[in-house]
Amino acid sequence: MSKFIVAPSILTANFLDLKTDLNKLEQANIEWIHYDVMDYNFVPNLSFGPKILSDIVEKYNFKMDLHLMVKIVNLSVEDYLKPFLLKNVEQITIHFEALDDEQIFNFIDFCKKNKIRSSISINPDTEVKDIEKYLNQIDNVLIMSVHPGFGGQSFISNSLKKIELLNFLRDLNKFNYSIQVDGGINEDTFKLVQDAKVDMIVAGSYLVGSNVTNLNERVKKLEG
Ligand code: DX5
Ligand code: ZN
């Protein structure tokens, strides 16, 4: 990933009028969409699955960044992920806290086999050292700067030192992962994460929803 990317999350869209929001994002030259999948198990909320994703990729050309806030039970990782293997799905993130070690390695293998970028996310209460053993194998690390489950929460600043540590470890070990941050990003907090050096920013309520009337201006602000 070479340039700095802003990926809007469509979690805060009005689903009855999703097309309007997607058209607005397309007109604002947004390249990536962040797609938050929630299961009412790992997180206390339920969002959407492969069907809506399939409808979106059929009509739009966005690169899709899937964020799976889910536990995987009674199914293999591969069987769980297969329905999400759709056109333009470029990156899939799973949560370190949601899967066991074997599932995480199966996930990494699945991504390699299917030429999708593999990404691991950690919650605000999880430390970078907990995922250190995966860092040489993955393409992205997603630092949660809110507790996963809902859009519109306030940015948690302990994410900044994790971003700095990931930069340090990447330089030290010549790792290849990109660094992404998700949660509470707006025109104030984006400066903090840019200073800490991230490659991709996810923004939900700041960019998507009927109250956002100046999208292009906001995208420009975040792109810095
Ligand atoms: C939270 C989701 C985020 C969320 C971001 O669980 O993973 O992607 O949609 O929304 P904001 O930017 O409003 O915090
Ligand atoms: Zn997300």
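Residues numbered from 1 in each chain as written. Chains lettered and ligands numbered in written order. Predicted model: local features only at pLDDT ≥ 70, side-chain atom pairs only at ≥ 80, totals over all residues. Heavy atoms only, no water.

You'll find the chain entered in an unreviewed UniProt entry as Ribulose-phosphate 3-epimerase, with Spiroplasma diminutum CUAS-1 given as the organism. According to its UniProt record, the chain has this under Subunit (unreviewed entry): "Homodimer." (UniProt positions renumbered as here; feature names shortened; annotations may be inferred.)

Scanning the chain from N- to C-terminus turns up seven helices and eight strands. Taking 2.2 N^0.38 as the reference for a compact globule, 224 residues should give roughly 17 Å; the C-alpha atoms of the chain span a radius of gyration of 16 Å, in line with that estimate. Its C-alpha atoms put the chain at 45 × 40 × 30 Å along the principal axes. The 224 residues of the chain split such that 53% are buried. Total accessible area computed for the chain in this model is approximately 10500 Å², and 48% of it derives from carbon and sulfur atoms. Considering the chain, the positive charge centre built from 24 side chains and the negative charge centre built from 31 side chains are found 4 Å apart. (Helix = DSSP H or I, 4+ residues; strand = E, 2+ residues; numbered from the N terminus. Rg over C-alpha atoms; globule rule 2.2 N^0.38 Å. Buried < 20%, exposed > 50% of the residue type's maximum accessible area, 1.4 Å probe, protein only. Areas by Shrake-Rupley, 256 points an atom, 1.4 Å probe, with all protein chains shown as cover. Lys, Arg positive; Asp, Glu negative; His and termini not counted. Charge placed at Lys NZ, Arg CZ, Asp CG, Glu CD.)

A few words now on the site of ligand 1. In the neighbourhood of ligand 1, 20 residues make up the surrounding shell, with G149, G152, D182, G204 and S205 lying closest. In this structure, an oxygen atom belonging to ligand 1 sits 2.8 Å away from a side-chain N or O atom of D182. Measuring from an oxygen atom of ligand 1, one finds a backbone N or O atom of G184 at 2.8 Å. Surface burial for ligand 1 is 100%, taken as the share of its 380 Å² of free accessible area covered by protein chains. Here the shell around ligand 1 takes three residues from strand β2 (residues 32-38), the largest share from any one element. By residue class, the composition of the shell around ligand 1 is eight nonpolar, ten polar and two charged. (Near = heavy atom within 4 Å. Polar contact = N/O pair within 3.5 Å; in protein donor to acceptor, adjacent residues only side chain to side chain. Nonpolar A, V, L, I, M, F, W, Y, C, P; charged D, E, K, R; others polar.)

What follows covers the coordination of the zinc ion (ligand 2). Reference geometry at the metal: tetrahedral coordination by four donors gives ideal angles of 109.5 degrees; octahedral coordination by six donors gives 90 or 180 degrees. Each protein donor to the zinc ion (ligand 2) is listed here as H34 (NE2), D36 (OD), H67 (ND1) and D182 (OD); together their distances run 2.1 to 2.2 Å. Bound by six donor atoms, the zinc ion (ligand 2) shows angles of 72 to 173° at the metal and therefore octahedral coordination geometry. Here the donor residues for the zinc ion (ligand 2) map to a single chain with the spacing H-x1-D-x30-H-x114-D. On the accessibility criterion, H34 (0% relative accessible area) is buried. Using a relative accessible area of 4% as the deciding quantity, one classes D36 as buried. (Donors = N, O, S within 2.8 Å, 3.2 Å for Na, K, Ca; no water. Tetrahedral: all angles 85-135°; square planar, octahedral: opposite > 155°, others 65-115°.)

Buried within helix α6 (residues 189-196) are the following residues: T189, F190, V193 and A196. One side of α6 carries all its buried residues, which in axial view fall inside an arc of 125°. Of the surrounding elements, those touching the buried residues of α6 are α5 (158-173), β7 (178-182), β8 (200-203) and α7 (215-223). Residue K197 follows α6 closely and has a positive phi angle near 75°. (Arc of directions from axis to C-beta. Contact = heavy atoms within 4.5 Å.)

Time to look at the pairing of strand β3 (residues 63-69). Where burial is concerned, most of β3 is hidden: six out of the seven residues are buried. In this fold, the crossover linking β2 to β3 by way of helix α2 (residues 50-59) has right-handed handedness. Across four bridges, β3 lies against strand β4 (residues 89-95) in parallel orientation. Of the residues in β4, the one forming a bridge with H67 is T93. (Right-handed = clockwise from strand over helix to strand, strands pointing away. Pairing = 2+ DSSP bridges.)

A separate point is the environment of V77. Of note, V77 is situated in helix α3 (residues 77-81). Looking at V77, the relative accessible area reads 5%, which means it is buried. Spatially, the C-alpha atoms of V77 and V37 are 15 Å apart, while their sequence positions differ by 40 residues. Here V77 is in contact with I72, Q103, N106 and F107, once residues within four sequence places are set aside.

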